[in-house]
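# Breakdown of the fold
So the chains spell out like this:
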Amino acid sequence: FFGRESEVAAFLERLRLQPLLAVVGPSGAGKSSLVRAGVFPRLREQGPWQIVDLRPQGRPFRALSVALATLFPGETAGDIQQDLESGPAALSLRLRRLAEATSTRVLLFVDQMEELFTLAGPDVAKRFLAAVYACADDVHDPLRVAYTLRQDFLDRLAFEPQMSAAAFGGIIVVQRPSREGLARILRQPVQARGYRFE
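As a starting point, this report considers the structure included with it. Numbering of residues starts from 1 in every chain and runs along the sequence as written. In view of the model being predicted, local features appear only for residues whose pLDDT reaches at least 70, and side-chain atom pairs are presented and counted only at 80 or more, with totals across whole chains, interfaces and linings using the full set of residues. With hydrogens and water excluded, all non-hydrogen atoms of the structure serve as input to the side-chain values.

## Digging into the overall build of the protein chain
- Comment: elements are numbered from the N terminus, with helices defined as DSSP H or I runs of at least four residues and strands as E runs of at least two. A tally of regular secondary structure across the protein chain gives 9 helices and 5 strands.
- Listing each helix as α and each strand as β along the protein chain from the N terminus yields α-β-α-β-α-α-α-β-α-α-β-α-β-α.
- The globule rule used for comparison is 2.2 Å times the number of residues to the exponent 0.38, while the radius of gyration itself is calculated over C-alpha atoms. The globule rule puts the C-alpha radius of gyration for 198 residues at 16 Å, and the 17 Å found for the protein chain is close to it.
- Expressed as lengths along the three principal axes of its C-alpha atoms, the size of the protein chain is roughly 60 × 35 × 30 Å.
- When accessible area is computed with a 1.4 Å probe and restricted to protein chains, residues below 20% of their type maximum are described as buried, those above 50% as exposed, and intermediate ones as partly exposed. Buried positions account for 44% of the 198 residues belonging to the protein chain.
- Any two residues whose heavy atoms approach within 4.5 Å at even a single point are treated as in contact. The long-range share in the protein chain, meaning contacts at least 24 apart out of those at least 6 apart in sequence, stands at 72%.
- Accessible surface, the protein chain as shown: approximately 10100 Å² in total, 52% of it carbon and sulfur. Accessibility throughout is a Shrake-Rupley quantity obtained with a 1.4 Å probe, and a residue counts as covered only by protein chains that appear here.

## Some remarks on the packing of aromatic side chains
- Only Phe, Tyr and Trp rings take part, Trp by its six-membered ring, and two of them pair if their centres are within 6.5 Å. Stacked means planes under 30 degrees apart, edge-to-face means over 60, and tilted covers everything else. Enumeration according to the criterion identifies 3 aromatic pairs in this entry.
- Ring geometry for Phe40 and Phe109: centres 5.7 Å apart, planes at 90°, overall edge-to-face. Separated by 69 residues along the polypeptide, Phe40 in helix H2 (residues 31-46) and Phe109 in strand E3 (residues 105-110) bring together distant segments of the chain. Like Phe109, Phe40 is buried.
- Both rings, one in Phe61 and one in Phe128, keep their centres 5.5 Å apart while their planes meet at 80°; by these two values the pair is edge-to-face. On the criterion of sequence distance, the pair formed by Phe61 in helix H3 (residues 60-69) and Phe128 in helix H7 (residues 122-134) is long-range, its members being 67 residues apart.
- Classification of Phe128 as buried rests on a relative accessible area of 0%.

## Side note on unusual backbone geometry
- Of note in the backbone geometry, Gln57 takes a positive phi value of approximately 50° without being a glycine.
- Relative to the helices and strands, Gln57 resides in the loop between strand E2 (49-54) and H3.
- Looking at Gln57, the relative accessible area reads 41%, which means it is partly exposed.
- The backbone of Gln112 sits at a positive phi, close to 60°, despite the residue not being glycine.
- Note that Gln112 resides in the loop between E3 and helix H6 (115-118).
- Note on Gln112: relative accessible area 25%, which makes it partly exposed.

## With respect to the sheet that holds strand E5 (residues 171-173)
- The rule for pairing is simple: two strands pair if DSSP sees at least two bridges between them. Taken in spatial order, the 5 strands make up an open sheet running E2-E3-E4-E1-E5, and their pairing is parallel. Where the open sheet ends on each side, the last strands, each with one partner, are E2 and E5. Each neighbouring strand pair of the sheet contributes to a mean axis angle of 20°, computed without reference to strand direction.
- Direction of pairing for strand E1 (residues 20-25) relative to strand E4 (residues 143-150): parallel, over a ladder of 6 bridges. In the sheet register, Val24 faces E4, and the bridge partner there is Leu149.
- Against the sheet, helix H5 (residues 89-102) engages E2, E3 and E4, with an angle of about 140° to E3. Note on definitions: angles span 0 to 180 degrees between N-to-C directions of axes, and those axes are lines fitted to C-alpha atoms, for helices only across the stretch in contact.

## Description of the environment of Gly47
- Its location among the elements puts Gly47 in the loop between H2 and E2.
- Taking relative accessible area as the criterion, Gly47 reaches 17% and is therefore assigned buried.

## Focus: the packing of H3 against helix H4 (residues 77-84)
- One can describe the packing of H3 onto H4 by two numbers: an axis separation of 8 Å at closest approach and a directional angle of 125°. In terms of their interaxial angle, H3 and H4 are classed as oblique. Pair H3 / H4 crosses with right-handed handedness. Contacts between H3 and H4 involve Phe61, Arg62, Leu64, Ser65, Val66, Leu68 and Ala69 from the former and Ala77, Gly78, Ile80, Gln81 and Leu84 from the latter.
- Throughout, the ten residues Ala, Val, Leu, Ile, Met, Phe, Trp, Tyr, Cys and Pro are labelled nonpolar, Asp, Glu, Lys and Arg are labelled charged, and all others, Gly among them, are labelled polar. For the contact of H3 with H4, the per-class residue count stands at 8 nonpolar, 3 polar and 1 charged. Note on angle classes: values under 35 degrees are labelled roughly parallel, values over 145 roughly antiparallel, values of 65 to 115 roughly perpendicular, and the remainder oblique. Crossings are assigned a handedness: left-handed for a near helix turned anticlockwise from the far helix by less than a right angle, right-handed for a clockwise turn.

Take a look at the structure:
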């Protein structure tokens, strides 16, 4: 993954100190790639991590339950969803249990958080955000939360005053690559395989 080295390094440093990070930028800026192709491999180089990766779409609790079902053998996605919808603390408790059982750190990554507002209803969005924010309330915990969000949805994150601190506590702004950065993104993977552009 080339062309975003400084952003990846900044993300990792801030994730060490902040339990929640929002990667915000315009559509097409490469927010998802920054996290999946840049951050995930670097995290795994640092030590063992369990990564829960999802897109909320229109049913965020269902998407989250499906992502978690692979990490909780013996439980169905339906059972997990019922548990998660019981209250905002359920997700945090489950992820802490996972971290303890596997002796790892856990990253919950929600890609395209704006889908909460475009595809799910306001009540579902509010409950899902409350559950996500509850996972990121202690820097000393083995839990971290990151999500991507289109910049034009930034003001819709904080439904209630108590959510504002969590929502806006850690924001990384990602812009579209510069001309030089884009050239590196295109050329360096090709050169690493022994090829070149004519």
